[in-house]
Amino acid sequence: MEIITTPEAVKKRCKELKKQGKTIALVPTMGYLHAGHLSLIKKARELADIVVVSRFVNPTQFAPNEDLDAYPNDPNHDRTVTEKAGTDILFEPPAGAMYHKDHATWVEVPSLAQGLCGVTRPTHFRGVCTVVTKLFNLIHPDFACFGEKDYQQLTIIRRMVRDLNVDVEIIGCPLIREEDGLAMSSRNAYLTKEERALVPHIRKGLLALQEKAKQGEYSAKNLQDFFARYIKENIPMARIDYCNMVDKDSLEPLETLKDKAVVAAAVYVGKARLLDNILITK
Ligand code: AMP
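Residues numbered from 1 in each chain as written. Predicted model: local features only at pLDDT ≥ 70, side-chain atom pairs only at ≥ 80, totals over all residues. Heavy atoms only, no water.

(A) The arrangement of the packing of helix H9 (residues 200–214) against helix H10 (residues 220–234) in detail. Where H9 contacts H10, the two axes come as close as 9 Å, and the packing angle between them is 145°. When the axes of H9 and H10 are compared, the crossing they make is right-handed. Residues His201, Ile202, Lys204, Gly205, Leu206, Ala208, Leu209, Lys212 and Ala213 of H9 pack against Leu223, Phe226, Phe227, Tyr230, Ile231 and Asn234 of H10. A per-class count over the contact of H9 with H10 returns 10 nonpolar, three polar and two charged. (Axes fitted to C-alpha atoms, helices over the stretch in contact; angles between N-to-C directions. Helix = DSSP H or I, 4+ residues; strand = E, 2+ residues; numbered from the N terminus. Left-handed = near helix turned anticlockwise from the far one by under 90°. Contact = heavy atoms within 4.5 Å. Nonpolar A, V, L, I, M, F, W, Y, C, P; charged D, E, K, R; others polar.)

(B) Geometry of the site of the ligand. His37, Gly147, Asp150, Ile176 and Met184 are the nearest of the 17 residues found near the ligand. In the model, an oxygen atom of the ligand is placed 2.9 Å from a nitrogen or oxygen of the Met30 main chain. Summarising the interface, the protein chains cover 94% of the accessible area of the ligand, which totals 480 Å² for the free molecule. For the shell around the ligand, the elements supplying multiple residues, two or more each, are strand S2 (24–29), helix H2 (35–47) and strand S5 (143–147). Top contributing element to the shell around the ligand by residue count: H2, with three residues. (Near = heavy atom within 4 Å. Polar contact = N/O pair within 3.5 Å; in protein donor to acceptor, adjacent residues only side chain to side chain. Areas by Shrake-Rupley, 256 points an atom, 1.4 Å probe, with all protein chains shown as cover.)

(C) Fine view of the environment of Ile156. Note that Ile156 resides in helix H7 (residues 151–163). Residue classification places Ile156 among the buried residues on the basis of a relative accessible area of 1%. Sequence separation between Ile156 and Phe125 is 31 residues, and the spatial gap between their C-alpha atoms is 8.0 Å. Those residues in contact with Ile156, other than ones at most four positions away along the chain, are Val109, Leu112, Ala113, Phe125 and Cys129. (Buried < 20%, exposed > 50% of the residue type's maximum accessible area, 1.4 Å probe, protein only.)

(D) Fine view of the packing of helix H6 (residues 124–139) against H7. At a minimum axis distance of 11 Å, the contact between H6 and H7 shows a crossing angle of 55°. Judged by the inter-axis angle, H6 sits oblique to H7. In this structure, H6 crosses over H7, and the sense of that crossing is right-handed. Within the contact between the two elements, H6 uses Phe125, Val128, Cys129, Val132, Thr133 and Phe136 and H7 uses Gln152, Gln153, Ile156, Ile157, Met160 and Val161. (Parallel < 35°, antiparallel > 145°, perpendicular 65-115°, else oblique.)

(E) Fine view of the pairing of strand S6 (residues 169–173). Alignment of S5 against S6, held across five bridges, turns out to be parallel. Residue Phe143 lies in a different strand from S6, and its bridge partner there is Glu169. (Pairing = 2+ DSSP bridges.)

(F) Representation of the pattern of salt bridges within the structure. Under the counting rule described, the total for this entry stands at 17 salt bridges. Linking Glu16 and Arg13 is a salt bridge whose minimum nitrogen-to-oxygen distance equals 2.9 Å. With Glu16 and Arg13 both in helix H1 (residues 7–19) and three residues apart, this pair spans about one turn of that helix. Taken together, the shared-partner salt bridges connect Arg55, Asp78, Arg79 and Glu92 into one network. (Salt bridge = Lys/Arg side-chain N within 4 Å of Asp/Glu carboxyl O.)

(G) The environment of Gly181, seen in detail. Here Gly181 is to be found in the loop between S6 and helix H8 (193–198). We classify Gly181 as buried; its relative accessible area is 10%. Once the C-alpha coordinates of Gly181 and Cys145 are considered, the two residues, 36 residues apart in sequence, prove to be 22 Å apart.

(H) Broad picture of the packing of aromatic side chains. Per the stated rule, a full pass over the model turns up one aromatic pair. With 6.1 Å between their ring centres and 80° between their planes, Phe62 and Tyr71 make a pair best called edge-to-face. The class of Tyr71 is buried, set by a relative accessible area of 11%. Positioned over the ring face of Trp106 is Arg126, at 3.8 Å from the centre of the ring. (Phe/Tyr/Trp six-rings, centres within 6.5 Å; stacked < 30°, edge-to-face > 60°. Lys NZ or Arg CZ within 6 Å of the ring centre and 35° of its normal.)

(I) Local environment of the sheet that holds strand S7 (residues 239–246). Ordered in space as S7-S8-S9, the three strands form an open sheet in which the pairing is antiparallel. With partners counted over all chains shown, the strands left at the sheet margins are S7 and strand S9 (272–281), one partner each. For this sheet, the mean angle separating the axes of adjacent strands, direction not counted, is 10°. This element, H9, spans S7, strand S8 (260–269) and S9 of the sheet and lies at about 20° to S9.

(J) Region of interest: the layout of surface pockets. Volume-wise, the second largest pocket comes out at about 380 Å³. Looking at the second largest pocket, it is lined by 17 residues, and the ones nearest its centre are Glu148, Tyr151, Leu154, Lys248 and Val262. Taken together, the elements giving at least two residues each to the lining of the second largest pocket come down to H7 and S9. Residue classes in the lining of the second largest pocket are distributed as seven nonpolar, two polar and eight charged. (1 Å grid on protein atoms, 1.4 Å probe; cavity = no way out; pocket = protein on both sides within 12 Å on 5 of 7 lines; lining within 4 Å. Points joined across faces, edges and corners; volume = space filled by probe spheres on them.)

(K) Region of the structure containing helix H3 (residues 75–84). Listed in full, the buried residues belonging to H3 are Asp78, Val81 and Thr82. Taken down its axis, H3 places every buried residue within 100° of arc, on the same side. In H3, the exposed positions angled more than 90 degrees off the buried face are occupied by Asn76 and Lys84. Its buried side turned inward, H3 meets H2, strand S3 (50–55) and strand S4 (89–91). Positive backbone phi, at 95°, marks Gly86, one or two positions downstream of H3. (Arc of directions from axis to C-beta.)

Here it is as structure tokens:
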């Protein structure tokens, strides 16, 4: 596995590989890799000749009060597992290398970025779209893999690529869970033992909500209230950021379940903010 640390070098190397006729699949990550990330690398491995994994904690997607400095980091572990998973190039630029001091250009998809996570993280997706665009311009991947765990992010990236005619195929990959149902996330490392024991109830609450919908409860408000009660009973220290029923493509809030919808939730537990989502049908 090659480790490349500068934007210039990764651009040069990927250009050479493309000249040789190789296809490239990119997996953008912020490191502290777990089985969710590895499933994306596995998918990338199936798709293309060359797998590039980026490992970069992107400062522009964090607000000043968020966990940029505390974000978990284990470079040696990440190098070992990416190599083992069949990565050809690990791109890990140092913090300052990706942005000029006077960086002034942003890529935004405001209509999809306002709701859900965008309410408490209003500049987050602008940072994500900008860094992903930069990675696309450096690497020119044929494919880029993103997890359905970050459902809003995946939807926004798809729209950005469509609207800007970016020449890349976005591959959505299933959400990988711990055995007890907790969505895998680098931020699970923030949980205390006591919190960790309770957080699988986020998934259980969404499954119970799905069951309610199947039984004929189609009102978003009632389903959200049901989830809120479930979380209050089962994870007393939790605070719900949001639990919303939205259209699976436009992310528009839905008042009533028509056919299918995504219910996405973000829940604060201790120092962690945990995301999960579920597809519900009538
Ligand atoms: P992150 O390092 O958290 O920015 O995530 C990098 C990529 O891995 C994103 O496309 C995430 O959606 C994806 N990812 C993170 N956790 C999971 C998971 N549990 N299952 C599937 N994909 C995931």
